[in-house]
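# Observations on the three-dimensional arrangement
Now for the letters of each chain:
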Amino acid sequence: MRSNTCLKCGSPMAEGFVVDNGYGTKTVSNWVEGAPVKSFWTGVKLRGRRQVPIQTWRCGRCGYLESYARGQ
Ligand SMILES: [Zn+2]
């Protein structure tokens, strides 16, 4: 587990993630390729889109968030 340093204040940042509250389920938010297209049924269309889970680091001092979407 690597450690990050806050770009704003230089304090250590803690690893975490942004949770997505679905209908009774909680999942990690994904980065989705391309501009969002609204869908009447699902909110936004995701079919055929590349999706990467987002890892977010939080500064314990100022609260600054830094996100990474690493993956294939
Ligand atoms: Zn900070």
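Note that the structure is predicted; figures quoted are calculated from it, not measured.

### Here's the deal with the coordination of the zinc ion
Looking at the zinc ion, one finds its protein donor set to be Cys6 (SG), Cys9 (SG), Cys59 (SG) and Cys62 (SG), positioned 2.3 Å from the metal centre. Viewed at the metal, the four donor atoms of the zinc ion are separated by angles of 101 to 118 degrees, and the geometry they form is tetrahedral. Along the chain, the residues donating to the zinc ion fall in the pattern C-x2-C-x49-C-x2-C. On the criterion of sequence distance, the pair formed by Cys9 in the loop between strand 1 (4-5) and strand 2 (12-16) and Cys59 in strand 9 (residues 55-59) is long-range, its members being 50 residues apart. Classification of Cys59 by relative accessible area gives buried; the value is 0%.

### Remarks on the sheet that holds strand 1
Across the sheet, which stays open at both edges, the four strands sit in the order 1-2-9-10 with antiparallel pairing between neighbours. Pairing within the sheet leaves two strands with one partner each, and these edge strands are strand 1 and strand 10 (65-68).

### Comments concerning the pairing of strand 9
A regular strand places its side chains so that they alternate between the two faces of the sheet. Inspection of the sheet shows strand 2 paired to strand 9 by four bridges, in the antiparallel sense. Along strand 9, the bridge assignment pairs Ala14 with Arg58. Pairing of strand 9 with strand 10 involves four bridges; the strand directions are antiparallel. Bridging across to strand 10, Trp57 finds its partner in Glu66. Hairpin geometry of strand 9 and strand 10 is characterised by an intervening segment of five residues between the two adjacent antiparallel strands and by a positive phi of about 85 degrees at Gly63.

### So, the packing of aromatic side chains
The description of two aromatic rings rests on the distance between their centres and on the angle between their planes. Under the counting rule described, the total for this entry stands at one aromatic pair. Between the aromatic rings of Phe40 and Trp41, the centroid separation amounts to 5.1 Å while the plane-to-plane angle is 85 degrees, which identifies the pairing as edge-to-face. Of the two residues, Phe40 and Trp41, neither departs from the other in class, the shared state being exposed. Positioned above the aromatic ring of Tyr68, the side-chain terminus of Arg70 is 4.4 Å from the ring centre.

### A look at the environment of Arg47
Its place among the elements puts Arg47 in the loop between strand 7 (43-44) and strand 8 (51-53). For Arg47, a relative accessible area of 82% puts it in the exposed group. Spatially, the C-alpha atoms of Arg47 and Arg61 are 39 Å apart, while their sequence positions differ by 14 residues.

Rules behind the numbers
- Residues numbered from 1 in each chain as written.
- Predicted model: local features only at pLDDT ≥ 70, side-chain atom pairs only at ≥ 80, totals over all residues.
- Heavy atoms only, no water.
- Donors = N, O, S within 2.8 Å, 3.2 Å for Na, K, Ca; no water.
- Tetrahedral: all angles 85-135°; square planar, octahedral: opposite > 155°, others 65-115°.
- Helix = DSSP H or I, 4+ residues; strand = E, 2+ residues; numbered from the N terminus.
- Buried < 20%, exposed > 50% of the residue type's maximum accessible area, 1.4 Å probe, protein only.
- Pairing = 2+ DSSP bridges.
- Phe/Tyr/Trp six-rings, centres within 6.5 Å; stacked < 30°, edge-to-face > 60°.
- Lys NZ or Arg CZ within 6 Å of the ring centre and 35° of its normal.

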